[in-house]
There are 2 protein chains.
Amino acid sequence: MARKKLDEIRPEQGDDAAARRTPMREFSRSLPMSLLRAREAVMRQFRPSLRNHGLTEQQWRILRALTAVDEIEVTELARVAFLLGPSLSRILRDLEGRALIERKAAENDARRAVVSISAKGLKLIEAVAPTSEVIYAAITRRYGARKLAELQEMLGALEASLAGMGSAGDAEAEADE
Amino acid sequence: MARKKLDEIRPEQGDDAAARRTPMREFSRSLPMSLLRAREAVMRQFRPSLRNHGLTEQQWRILRALTAVDEIEVTELARVAFLLGPSLSRILRDLEGRALIERKAAENDARRAVVSISAKGLKLIEAVAPTSEVIYAAITRRYGARKLAELQEMLGALEASLAGMGSAGDAEAEADE
DNA sequence: GGAAATCACTTAACATGTTAATCATCTCCC
DNA sequence: GGGAGATGATTAACATGTTAAGTGATTTCC
């Protein structure tokens, strides 16, 4: 049930004019590309503001996540901020160096680290948040609040649909299920 | 017209139990996070197969784009594969080293470079494509073809909505319009 | 027709994504 | 209570994202 054949992917090879007229139509419509472009269109709105405050997108995600809790373990923070462990480790080192967060060992388990936002970090968040809210409101107004809610629901459903789909690379996998 | 106040973002600070019970609900529902998670859920399906063939996601995007045209200039390739110039430069260097693509100077303009996929590159594509199509088909089946088309249309509309929204960082911008 | 501005591409520098390996703890179980 | 295995976090190594600077080649325009 292949969606299309390679012959369709590369039509009219050798015909320069025709190939130049329709560059990558099917490819541009793939789901990963659609998601990538949509996200980039959104983030392009936020990045300049964050940059003005010396924050990257991921650093902002972490600080933003920390404002919602009193303290949180690193693994749990990675989950809610949707970052991989190694990325989070590096960013936490940087944020700790800038005194935007604080870190301490967990009480009952020396392996676990507990992170919290500092007063300085909270102050920074409070400086950035108003602009972010204005941008978010502008996006909502342009796209439509109802449509935005519907989109987010469909995105969530997509995530849920794929939740139990175990990769199945090429010849490996399904060896332990 | 701020969507919410900081007080709402960080409710019940100091109440560990409550904070732990609802970790970052609002934050997880932000549009950028929804798009990021959805895309990751999709790509997680494809990455193992690509990896088995020694390709990263971006390398695959480039080769995939090249199969649709006879040859293409670097800037146009960056546009269709949705990569920034510097990333593309590095990847092309690597792909050329692996003899998966070929590069030559444009006829009328020595600044421009023209790229095309090699026979070896085409062979690789033909080896990967079947698995990718199977995965894509599985995603379509799980999520629903109609729903998938609707989602892509909404993503395109979001992109279009934000097309003419000129950043407006904090205090700069709108200086040259 | 030549200096200045522009353009296409590349390099540089730093931050993150991604997988594998390492390190220190902790748990389990004998 | 001690060793094998599991777990939480970090480090390593490589690839890409992101912005700025650099390098030739080309166009503009006086």
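Undergrad: Help me understand the overall build of chain A, please; the structure alone is not making it clear to me.
TA: Helices and strands together make up the secondary structure of chain A, namely nine helices and three strands. What you see in chain A, going N to C, is helices and strands ordered as α-α-α-α-α-β-α-α-β-β-α-α. Taken over 177 residues, chain A has a buried fraction of 46%. By sequence separation, contacts in chain A at least 24 residues apart represent 48% of the contacts at least 6 residues apart. As presented, chain A carries roughly 9600 Å² of accessible surface, and 50% of it is formed by carbon and sulfur atoms.

Undergrad: Please clarify how the packing of helix α5 (residues 57-66) of chain B against helix α8 (residues 119-143) of chain B should be interpreted in this entry.
TA: Packed helices, taken two at a time, are described by their axes: the angle between them and the distance between them. Residues and elements named next belong to chain B. At a minimum axis separation of 11 Å, α5 and α8 run at an interaxial angle of 105 degrees. On the basis of the axis angle, α5 is roughly perpendicular to α8. Contact with α5, carried on its side by W60, L63 and R64, involves L124, I125, V128, A129 and S132 of α8 and no other residues of that element.

Undergrad: Looking at this structure, how should I read the protein's contact with DNA strand D?
TA: Inspection of the region around DNA strand D gives 24 residues, with T75(A), S89(A), R103(A), S87(B) and R90(B) positioned closest. In the model, a sugar or linking oxygen of DNA strand D is placed 2.9 Å from a nitrogen or oxygen of the Q58(B) side chain. Contacts to DNA strand D include S87(B), whose side-chain N or O atom sits 2.7 Å from a phosphate oxygen. Elements supplying a minimum of two residues to the surface near DNA strand D: α4 (31-52), α6 (74-81) and α7 (85-97) of chain A together with α5 and α7 (85-97) of chain B.

Undergrad: Before we go on, may I ask you to explain the sheet that holds strand β3 (residues 113-117) of chain A in this structure?
TA: Two modes of strand pairing occur in sheets, parallel and antiparallel, and in both the strands are linked by backbone hydrogen bonds. Residue and element names in this part refer to chain A. The strand order across the open sheet built from three strands is β1-β3-β2, with neighbouring strands paired in antiparallel fashion. Looking at which strands have only one partner, the edges of the open sheet turn out to be β1 (72-73) and β2 (101-105). Here α7 sits on the sheet and contacts β2 and β3; the angle it forms with β2, its principal contact strand, is near 115 degrees.

Undergrad: Looking at this structure, I do not really get the protein's contact with DNA strand C. What am I missing?
TA: As a structural note, the neighbourhood of DNA strand C is formed by 24 residues, with S87(A), A110(A), T75(B), S89(B) and R103(B) the closest of them. Within 4 Å of the protein, the contacting atoms of DNA strand C are 68% sugar and phosphate, with bases supplying the remainder. The separation between a sugar or linking oxygen of DNA strand C and a polar side-chain atom of Q58(A) is 3.0 Å. In the environment of DNA strand C, a phosphate oxygen lies 3.4 Å from a nitrogen or oxygen atom belonging to the backbone of V74(B). Sorting the residues of the surface near DNA strand C by element identifies α5 (57-66) and α7 of chain A together with α4 (31-52), α6 (74-81) and α7 of chain B as the ones contributing at least two each. At four residues, α7(A) tops the list of elements feeding residues into the surface near DNA strand C. Looking at the surface near DNA strand C residue by residue, the class counts come to eight nonpolar, six polar and ten charged.

Undergrad: Got a minute to help me understand the packing of α8(B) against helix α9 (residues 145-162) of chain B in this structure?
TA: Residues and elements named next belong to chain B. Their axes nearest at 6 Å, the elements α8 and α9 cross at an angle of 100 degrees. For the element pair α8 / α9, the angle class is roughly perpendicular. Along the contact surface, α8 presents Y136, T140 and Y143, while α9 presents A145, K147, L148, L151 and Q152. For the contact of α8 with α9, the per-class residue count stands at five nonpolar, two polar and one charged.

Undergrad: Is there a simple way to explain the packing of aromatic side chains in this structure?
TA: Given two aromatic rings, one states the distance between the centres and the angle between the planes to describe the pair. All names here are of chain B. Tallied over the full model, the rule gives two aromatic pairs over all chains. Aromatic pair F46 and Y136: ring centres 6.5 Å apart, planes at 50 degrees, arrangement tilted. Here the residue F46 occupies a position in helix α4, and Y136 occupies one in helix α8, the gap between them amounting to 90 residues. For the residue pair F46 and Y136, the accessibility class agrees, reading buried in each case.

About the cut-offs
Within each chain, residues carry numbers counting from 1 in the order of the written sequence. Both sets of labels track the order of writing: A upward for chains, 1 upward for ligands. In keeping with the model being predicted, local features are shown solely for residues with a pLDDT of at least 70 and side-chain atom pairs are shown and tallied solely at 80 or more, while totals for entire chains, interfaces and linings include all residues. To get the side-chain values, all heavy atoms of the structure are used, and hydrogens and water are removed first. Strands here mean DSSP runs of E at least two residues long; helices mean DSSP runs of H or I at least four residues long; both are numbered from the N terminus. To sort residues, take the accessible area from a 1.4 Å probe on protein chains only and compare it with the maximum for the residue type: under 20% means buried, over 50% means exposed, and anything in between is partly exposed. Should any heavy atoms of two residues lie within 4.5 Å, those residues are counted as being in contact. Note that accessible areas follow from Shrake-Rupley with a 1.4 Å probe, and for residues the cover is restricted to the protein chains shown. Throughout, an axis means a line fitted to C-alpha atoms (over the contacting stretch in the case of helices), and angles, computed between N-to-C directions, take values from 0 to 180 degrees. The cut-offs work like this: below 35 degrees is roughly parallel, past 145 is roughly antiparallel, 65 to 115 is roughly perpendicular, and the gaps in between are oblique. A molecule or strand has a residue near it when one of that residue's heavy atoms lies within 4 Å. Throughout this description, a polar contact denotes any pair of N or O atoms lying within 3.5 Å of each other; where both atoms belong to protein, one of them has to be capable of donating a hydrogen while the other can accept it, and for residues adjacent in sequence the pair is counted only when both atoms sit in side chains. Strand pairing is defined by DSSP finding a minimum of two bridges between the two strands. In the scheme used here, Gly and all other residues not listed as nonpolar or charged are polar, with Ala, Val, Leu, Ile, Met, Phe, Trp, Tyr, Cys and Pro taken as nonpolar and Asp, Glu, Lys and Arg as charged. Any two rings among Phe, Tyr and Trp, with Trp reduced to its six-membered ring, count as a pair given centres within 6.5 Å; such a pair is stacked if its planes are under 30 degrees apart, edge-to-face if over 60, and tilted if neither.

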